[in-house]
Amino acid sequence: MVLYPVIGKLVHKRVVLASASPRRREILNQAGLRFEVVPSRFKEKLDKSSFPTPYAYAIETAKQKALEVAHRMHSKDSRTADLVIGADTIVTIAGLILEKPVDKQDAYRMLSRLSGKEHSVFTGVTIVHCSRAGRQLQTEVLEFYEETRVTFSELSEEMLWAYIHSGEPMDKAGGYGIQALGGMLVEHVRGDFLNVVGFPLNHFCKKLSQLYCPPTPDAHQESIPAVGSVEKLRDPETLTGQANAGEGVQQTACNGTVESQPPCPWGLLDLIHGFKGSKVLLTACKLKVFDVLKDGAVLSAADVAAKIDASVHGTEWLLEGCAELGLLLRCAQGYRNTELASVFLASDAEYSLQGFITLCNNHTWDLFTHLETAVREGGDQLRLLSGRQTEDLFKDPVLIGSEEMLLQWMRGAHDLAKLSAQALAKAFDLSRFKSACHLGGCTGTLAYRLAQAYPHLQVTVFDLPKVIELAPSFHPCGWQAAQVSFLAGDIFQDGLPEAELYILSRDPYSWPDDVLQQLLSKVSEICKPGCALLIAGPVLDEERQTTRAQIPMLLRAHSGGRTTQGYERLLRAHGFHDVRVVRTGGLLDAVLATR
Ligand SMILES: Cc1cn([C@H]2C[C@H](O)[C@@H](COP(=O)(O)OP(=O)(O)OP(=O)(O)O)O2)c(=O)[nH]c1=O
């Protein structure tokens, strides 16, 4: 949802965020802004003592970051942006400017300075408006800053070092991240929280509104570009006839007639290019780039090349690609993982998506290369590739292929399950149930989370013998082992174990309708009155019938997610009532119904 109408007015503009910060990207994404990310290569080395105030320094750095990107895009790719956004966040205490710590000692010095005191966080923001004058790039710059005051608790040495060893401080100004573990250090915040995280969204939207939706034509003169350019930037519908990149433009042809040119389809071009970014990520994961750079390691391209046994030139190319995608950060000494990469891409990270990525690289990629055949022949690529019926595949993942293939599929499923298991386990109060059975529970990820949340709950994971055989390698050490058991069987062919709560989560939204109906009848038969069924799947938006978790269904044979009403109808038809839905905000939502 877009709250500020001005965001909608930017839809036809080529908006670029000149920042590698995943936080900034997330904040602007959530605001509904459509933009590209082109991290700036500007070296943040301005002489701080030459600025009258800390915020003047932050603004100038933000400006240089944005201008560097604006010029690079214009000169290198001839892809002039309309708007380039740059930002710089600094922490100041007692007149001292703190940026990102260079090492753990530096982080220690910063954090011990902040301990027990109030400090300021400034983010300087620059919006650069670009236009072409012939081959020249013309820029107009709008700048502002926001200050937030943050007070830290007294930090013990032990707490300080524990926090530093978490690795979180390293890519953050002042050496902390208020939005994550660092939030535990903070006693009080005065001002805009998002400003501390790296981007003052509220101030930004207000500035854009002044610019694009001024109350009167001349009420905005002092802080923004010249009136002529503001006119140019107003509502795109009013812009016919103006030579503004990304807008509808009328041009006089040689014969004197007026030709109209459609706006540049940036979104479409991004779609066309999209596969390249995907392949860069998949390849970097396969070559273990994020593993050699884990734990805050900073390595040159040559060092990385030696460790992954690849050519220096090729590695350089790959690392640059990853940096452009916001997966790596460039610094003077080389490259290091961004927070996103540390959390999701290193193989041994708790929330690593390596298994899922390997599955996509080895399997899904191939399926999509055969899309044309699938469309022509009207079949399903899974069937085309494996020579088996889709229905069988849904019933029996063993049929996907070899044991190695099954293991890959389980790793992928396990990674995705980790992303939503905790939220699913806590979506409802399930404390009234003493036993649960997860049908097709695969590696037991959700089962373990449920056992953790409900110490009196016994959970059975019921899945195919082959899956149960391979599942132990996924069991988390030292977790509620006594509460979770694994039972081999076929949910379609065999009798189901008795339980007070049944759970279905293995893609119930992509099971063919008749298969799901068959399964629900079976559950309904065995489920006693008062017992319940929990379904984990995406709940579609009632109006638009879409969901963030929707998958390109063409290759999944049987599509469909369900709306709340859809689930209600389905479950009532099978004798369930009191259907409740919780949107978790994650990949899977939770639906609970009582028999
Ligand atoms: C204080 C604080 C900073 N930060 C982050 C925001 C910024 O990403 C970073 C400050 O460094 P910046 O130099 O402002 O930004 P960056 O290097 O991450 O990205 P770029 O230069 O490409 O724009 O610190 C937090 O995430 N949480 C916090 O609580």
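Look up a bit, the structure's there.
Everything quoted here is computed from the prediction, not taken from an experiment.

A. The arrangement of the sheet that holds strand β12 (residues 435-439) in detail. On the basis of which strands lie adjacent, the open sheet formed by 7 strands has the order β14-β13-β12-β15-β16-β20-β19 and mixed pairing. The open sheet is flanked by β14 (484-488) and β19 (577-582), the only strands paired with a single partner. Here the strands of the sheet are splayed against their neighbours by 20° on average, with no regard to which way each runs. Summarising the sheet, strand β15 (residues 501-504) and strand β16 (residues 532-537) pair through 4 bridges and their orientation is parallel. The partner of leucine 501 across the bridge, within β16, is alanine 532. Lying over the sheet, helix α21 (residues 513-526) contacts β12, β15 and β16, oriented at roughly 170° with respect to β15.

B. Fine view of the pairing of strand β6 (residues 136-152). Bridge analysis of strand β5 (residues 118-133) against β6 gives 16 bridges, and the strand direction is antiparallel. Its bridge partner being in β6, serine 131 is matched across the sheet by glutamine 138. In this structure, the hairpin formed by β5 and β6 is closed by a connection of 2 residues, where glycine 134 is found at a positive phi of approximately 65°. One ladder, built from 4 bridges, connects β6 with strand β7 (residues 186-190); its direction is antiparallel. Bridged to arginine 149 within β7 is arginine 190.

C. Inspection of helix α14 (residues 354-369) at higher detail. End to end, α14 covers 21 Å across 16 residues, agreeing with the expected 22 Å (1.5 Å per residue, within 8%). The largest bend in α14 comes to about 40°, at cysteine 360. For α14, every residue scored as buried is listed here: Gln354, Gly355, Ile357, Leu359, Cys360, Asn361, His363 and Leu367.

D. Local environment of unusual backbone geometry. The backbone of aspartate 309 shows a phi angle near 60°, a positive value even though the residue is not glycine. Note that aspartate 309 resides in the loop between α11 (301-308) and α12 (312-324). Notably, aspartate 578 is not glycine yet its phi reads approximately 45°, a positive angle. With respect to the helices and strands, the residue aspartate 578 is situated in strand β19. The class of aspartate 578 is partly exposed, set by a relative accessible area of 38%.

E. Up close: the site of the ligand. Around the ligand lies a shell of 21 residues, among which Ser19, Arg24, Lys65, Lys100 and Ile178 are the nearest. With respect to the ligand, the side chain of lysine 65 contributes an N or O atom lying 2.6 Å from an oxygen atom. A distance of 2.8 Å separates an oxygen atom of the ligand from a polar backbone atom of threonine 89. Protein chains shield 96% of the accessible area of the ligand, which is 600 Å² for the free molecule.

F. The pattern of salt bridges, seen in detail. Summed over all chains, the structure comprises 29 salt bridges. The shortest N-O distance in the salt bridge between glutamate 147 and arginine 149 comes to 3.3 Å. Using a relative accessible area of 27% as the deciding quantity, one classes arginine 149 as partly exposed. With a closest N to O distance of 2.9 Å, aspartate 171 and lysine 172 form a salt bridge. One exposure class covers both aspartate 171 and lysine 172, and it is buried. Residues participating in the shared-partner salt-bridge network are Arg41, Glu68, Arg72, Glu320, Glu324 and Arg330.

The rules behind these values
- Residues numbered from 1 in each chain as written.
- Predicted model: local features only at pLDDT ≥ 70, side-chain atom pairs only at ≥ 80, totals over all residues.
- Heavy atoms only, no water.
- Pairing = 2+ DSSP bridges.
- Helix = DSSP H or I, 4+ residues; strand = E, 2+ residues; numbered from the N terminus.
- Axes fitted to C-alpha atoms, helices over the stretch in contact; angles between N-to-C directions.
- Contact = heavy atoms within 4.5 Å.
- Expected span 1.5 Å × (residues − 1).
- Bend = angle between axes of the 7 residues up to and from the residue.
- Buried < 20%, exposed > 50% of the residue type's maximum accessible area, 1.4 Å probe, protein only.
- Near = heavy atom within 4 Å.
- Polar contact = N/O pair within 3.5 Å; in protein donor to acceptor, adjacent residues only side chain to side chain.
- Areas by Shrake-Rupley, 256 points an atom, 1.4 Å probe, with all protein chains shown as cover.
- Salt bridge = Lys/Arg side-chain N within 4 Å of Asp/Glu carboxyl O.

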